[in-house]
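Observations on the three-dimensional arrangement
In case you want the letters, here they are:
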Amino acid sequence: MFLVTNGEEMKAFNLVVASLFTASVTCGQTLPGTRTPAEQKIAWAEASIKAHADHSQPYNDLAVAYIARARETADPGYYDRAEDALRTSFGLIPENLEGEKAQIMVLQGRGEFSRAFDLARTFNKKTPDDLLLYGFIADAAVELGEYPEAENAVQWMLDMRPGNVPGLLRGAALRRLYGDIPGALQFFSQAYQQMAPTQTEELAWTLTQMADAQLSVGHVDDAEALLRSALQKFPAYYLAQESLARVQMARRHYSEAAQLLQQRNQSFPTAASRYALARAFEHAGQAGEAETAYREFEATAHGQRDSAMNANRELVAYDLDRGHNPAEALQIARGEIAKRHDIRTLDAYAWALHANGQDREAQKQVSKAIAVGVRDALIFYHAGVIAEGQNDLSSAAHFLKVSLETNPEAETATAARAALDRLTAASAEVRSSK
Amino acid sequence: MTHKILLPVLIFSLFGGALATRAQQDETNGTLRSLQSRVKRYPEDAASFAGLGAAYLQKGRETGDAADFESARSALEKSLDLLSNDPAAAFATTQMAVVCMAEHRFDDALAWAQKALALGSGDPSPWAIAGDALADMGDYTAAADAYSKLEVPFGSEDEKLAFSYQHDTRMSFLRFVSGDTQDAIDLMNSAVRKAISTHMPAENIAWTYYQLGEEFLKAGQVTAAEKADLTALNWYPGYYRGLAGLAKVRVAQANYQDAIALYMKALGVVPYPEYAAALGDVYQKIGDSENAKKQYELVEFIGRLSEINQEIHNRDLALFYADHDVKLDQSLILARKELEVRRDIYTWDVVAWSLYKNGKTQEAASAISLALGQGTRDAQLFFHAGLIYEKAGDSAKARKYLEEGLRINPHFHPLYADIANEALARLTQKTMPATSQEVSSVR
């Protein structure tokens, strides 16, 4: 159902996407008050607890509502509150399934993907007809790089309940990983069309995902339009602000990117968002601000190095690009690759190996990432440079060309063009010497 | 009028799996008994409680007894207490929206429908309820937007057709409201074809034919309406809506004895106040005041049976009081109360009619202009508008609306069609040029 898209589907998709921009929000009747969807869920759950304090389900509902609020705000404190609610739920009915599912969501939110994966698989064996358990398996599997298992779980979801939103969203993420951007956008838009107009954060989240997918292939204007729409649906949405900053970076509008990231970092900044801000400042030529932001990033990222929710991949990139500490980068990357082998971690590991002169191993690792099928300009650029380091000039030229074809607006595009020119000149020299 | 109560319940009938609608009450009772026993044995089974809630809803639909909606609500609450944050809870959540629609709590219905959608089950049915609630709240554009989501791109051909059927029946109503009567009929015809080709239960097919008949009748196409109602009764003998629909046709054909018999049969199945009122009007038409009075008393009795009935029948009672010049102050209170929750064109019409009967002509004119604002081509609306504008002294508008109403359907009501003709004659006389004798007369 979800691997390949054809031309007809693409036409249909374009119509749907067009309607995303033009669709009126007349159906957007909001629920009473000005609560966000998660706040509304919290209120419902609290009212339900008042009415049925001795039932476990209202506490599960409260936990899920807190988890939703965590995604709305980026405030990890809501996971603690969710766990408190779940403790009460389990006190009433130990190991109740809905509570366990909420527990898995908490683990995911905290970046504890291995534990989430194990727990989801355990309960999936006990309750094989529960849709969301497949979703949780897929989420964790994607984070850990277990793509076949993720695909299997998502396909189950789509087969069990055709057109279900959680399945479509996860299918879209997988399609993107497999390099099928039109297919990913098609699933995202199908899911989007079904979402209730009151689910403003979910709508904005989906639009942001679509924007990221568009940006990954250089469709900067489309990405921006989607993000503006996301910010209308859920104003000051931090994920959309981060993504919009990436749009501005792609446009080389570094000051605007920095401004957006400053706004985003006003509440609950992550190490990754601090890193993005530091880079924007640096590109904008604001050296002082960049320095401060890098220091803040370093402090945060180093503080999280051993925790599940870390910014180790960003730390690797920082050590290699600015920190001038390839040895530390490799050490961190090795630590990460021991835990997960998703494409981002594989790429970070490969890049760290390359920086440490281990191009042969680097090529092996980056090839694993590329083999998944992803179309990512950065990974292709890294693959090209690593191949060049291996003196595999034809592969190097190929990957650099693919990087530029994939996203001519990528941040690495200038470097990729320079490397390609260098390779072309070198090969011309070889030909002339012959 | 009945359109709004029935449609949401239809959702369950199409997608309720084992609970697919067969309107035979004994079948529903059998389902209820089985599910009641199941929830006793498995008190933690959310799906069984959801099924029980849906079964009570079905019973409510068959009997018209509002108490069944309350039982449905209790069962669904129990289901949602067991499972509420999972796509599997979408069915029970959607059914809660249906309960709210049946109880005319449109705001709540919309909230529950949106909650069901937020569960992301992949079932677009909640869009239908959301659209129904929005339509009842008078937001027709948003309703159309919601209904458009019923045209799903996935699922089997039968599923697509089933959702397309839901889309067509609902959009047909919206088209009628917007004055595109022929489009409305075309869409309902399309729905009939889809209902048959997807082998829907007989009662669903009969319902669709009945709706088609209603649309034909409103368009003044009496023969086509008769055919549709007879087909409905052929598919589902004894179907109360078909009987009432055919009764209206017989009234239009001036076959009052048949109309009386049909209304009595319909009332024997489901005692809807609007059937009793219509029957009373037929008796009145043939000069049988005693039986008319009995039916009119019955209207109020049914409407006041329970608190929920009062909520559900506010608008019907307000119209009934205004139509029959009784309890006019109460009529206005009820109509205004209805307006608090329902701001569709038909509520504005009843408010206007009630204001008119209470002598508040200017306010009535404002209200009827809102009722006519969508361009609906409904003889009853035009009749009300005609009399309101006549009293307001705007003879030109009054004539225009009365003529238009009678042109669309000269038999729109057993009593009011005559009154419309009389009013039109009065207005025509007023605008006739005066005779020379009148001109020369001193006095």
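Here the structure is a predicted model, which means the values were calculated and not measured. (Residues numbered from 1 in each chain as written. Chains lettered and ligands numbered in written order. Predicted model: local features only at pLDDT ≥ 70, side-chain atom pairs only at ≥ 80, totals over all residues. Heavy atoms only, no water.)

1. Comments concerning the overall build of chain B
Helix and strand content of chain B: 24 helices and 0 strands. Per-residue burial over chain B gives 60% buried out of 443 residues. Sequence separation of at least 24 residues holds for 59% of the intrachain contacts in chain B that already meet a minimum separation of 6. A total of about 17,000 Å² of accessible surface is found on chain B, and carbon and sulfur atoms cover 52% of it. (Helix = DSSP H or I, 4+ residues; strand = E, 2+ residues; numbered from the N terminus. Buried < 20%, exposed > 50% of the residue type's maximum accessible area, 1.4 Å probe, protein only. Contact = heavy atoms within 4.5 Å. Areas by Shrake-Rupley, 256 points an atom, 1.4 Å probe, with all protein chains shown as cover.)

2. Let's talk about the pattern of salt bridges
All chains considered together, the criterion is met by 54 salt bridges over all chains. One salt bridge in this structure joins arginine 313 of chain A and aspartate 342 of chain A, with 2.7 Å as the shortest N-O distance. Separated by 29 residues along the polypeptide, arginine 313 of chain A in helix α17 (residues 312-321) and aspartate 342 of chain A in the loop between α18 (326-337) and α19 (343-355) bring together distant segments of the chain. Residue classification places arginine 313 of chain A among the partly exposed residues on the basis of a relative accessible area of 27%. What makes aspartate 342 of chain A buried here is its relative accessible area of 4%. Counted as one network, the salt bridges with shared partners bring together Glu70, Arg73, Glu103, Arg105 and Asp108 of chain B. (Salt bridge = Lys/Arg side-chain N within 4 Å of Asp/Glu carboxyl O.)

3. With respect to the environment of threonine 231 of chain B
With respect to the helices and strands, threonine 231 of chain B occurs in helix α12 (residues 222-235). Note: C-alpha distance between threonine 231 of chain B and glycine 386 of chain B (155 residues apart in sequence) is 35 Å.

4. Regarding the interface of chain B and chain A
How big an interface is tends to be stated in terms of accessible area lost as the parts join. Taken together, the 30 residues of chain B in the interface contact 33 residues of chain A. The tally of links from chain B across to chain A stands at 1 salt bridge. The salt bridge partner of lysine 101 of chain A is aspartate 86 of chain B, with a shortest N-O separation of 2.1 Å. Taken together, the connections running from chain B to chain A amount to 7 residue pairs in polar contact (both at pLDDT 80 or more). Sorting the residues of the side of chain B that touches chain A by element identifies α4 (67-82), α6 (106-118), α7 (125-136) and α8 (140-148) of chain B as the ones contributing at least two each. With 6 residues, α6 of chain B is the single largest residue contributor to the side of chain B that touches chain A. Broken down by class, the residue content of the side of chain B that touches chain A amounts to 16 nonpolar, 7 polar and 7 charged. (Polar contact = N/O pair within 3.5 Å; in protein donor to acceptor, adjacent residues only side chain to side chain. Nonpolar A, V, L, I, M, F, W, Y, C, P; charged D, E, K, R; others polar.)

5. Details of the side chain of asparagine 124 of chain A
By the element assignment, asparagine 124 of chain A lies in helix α6 (residues 113-126). With near-sequence residues (within four places) excluded, asparagine 124 of chain A lies in contact with Leu133, Tyr134 and Ile137 of chain A.

6. Section: the packing of helix α4 (residues 77-92) of chain A against helix α5 (residues 97-109) of chain A
Residue and element names in this part refer to chain A. Interhelical geometry of α4 versus α5 gives an angle of 160° and a closest axis separation of 10 Å. On the basis of the axis angle, α4 is roughly antiparallel to α5. The interaxial crossing formed by α4 with α5 has left-handed handedness. Of α5, the residues touching α4 (which contributes Tyr79, Ala82, Glu83, Leu86 and Phe90) are Gly99, Glu100, Ala102, Gln103, Val106 and Gly109. (Axes fitted to C-alpha atoms, helices over the stretch in contact; angles between N-to-C directions. Parallel < 35°, antiparallel > 145°, perpendicular 65-115°, else oblique. Left-handed = near helix turned anticlockwise from the far one by under 90°.)

7. Details of unusual backbone geometry
Residues and elements named next belong to chain A. One non-glycine residue with positive phi stands out, namely alanine 74, at about 70°. Among the structural elements, alanine 74 can be located in the loop between α3 (57-73) and α4. Among the residues examined, alanine 74 registers a relative accessible area of 18% and is labelled buried. At phenylalanine 268, a residue that is not glycine, the phi angle is positive and equals roughly 45°. With respect to the helices, strands and loops of the structure, phenylalanine 268 is situated in the loop between α14 (254-264) and α15 (271-283). The exposure class of phenylalanine 268 is partly exposed, given its relative accessible area of 37%.

8. Remarks on the packing of aromatic side chains
Residues and elements named next belong to chain B. Counted under the stated rule, the structure contains 24 aromatic pairs over all chains. Measuring from centroid to centroid gives 5.0 Å for phenylalanine 383 and tyrosine 416, while their planes differ by 25°, and the two rings are stacked. Of this pair, phenylalanine 383 sits in helix α21 (residues 379-391) while tyrosine 416 sits in helix α23 (residues 416-431), placing them 33 residues apart in sequence. When its relative accessible area of 2% is taken as the criterion, phenylalanine 383 is described as buried. Each residue in the set Tyr236, Tyr239, Tyr240, Tyr272 and Tyr275 is aromatic and connected to the rest through ring pairs, giving one cluster. The ring centre of tyrosine 356 lies 5.0 Å from the NZ or CZ of lysine 391, which sits over that ring. (Phe/Tyr/Trp six-rings, centres within 6.5 Å; stacked < 30°, edge-to-face > 60°. Lys NZ or Arg CZ within 6 Å of the ring centre and 35° of its normal.)

9. Regarding the side chain of serine 121 of chain B
Relative to the helices and strands, serine 121 of chain B resides in the loop between α6 and α7. A polar atom in the side chain of serine 121 of chain B sits 3.1 Å from the backbone nitrogen of aspartate 123 of chain B. When neighbours within four sequence positions are excluded, serine 121 of chain B is seen to be in contact with Arg161 and Asn164 of chain A together with Pro87 and Ala90 of chain B.

10. A word on the confidence of the model for chain B
Residues and elements named next belong to chain B. Averaged over all residues, the pLDDT of chain B equals 87, while 89% of them reach at least 70. Taken as a whole, residues 1-24 scores under 50 in pLDDT and shows 82 contacts with residues more than four places along the chain or in a different chain. Both scores are given for the predicted complex: the pTM is 0.81, the ipTM 0.72. (pLDDT = per-residue confidence, 0-100.)

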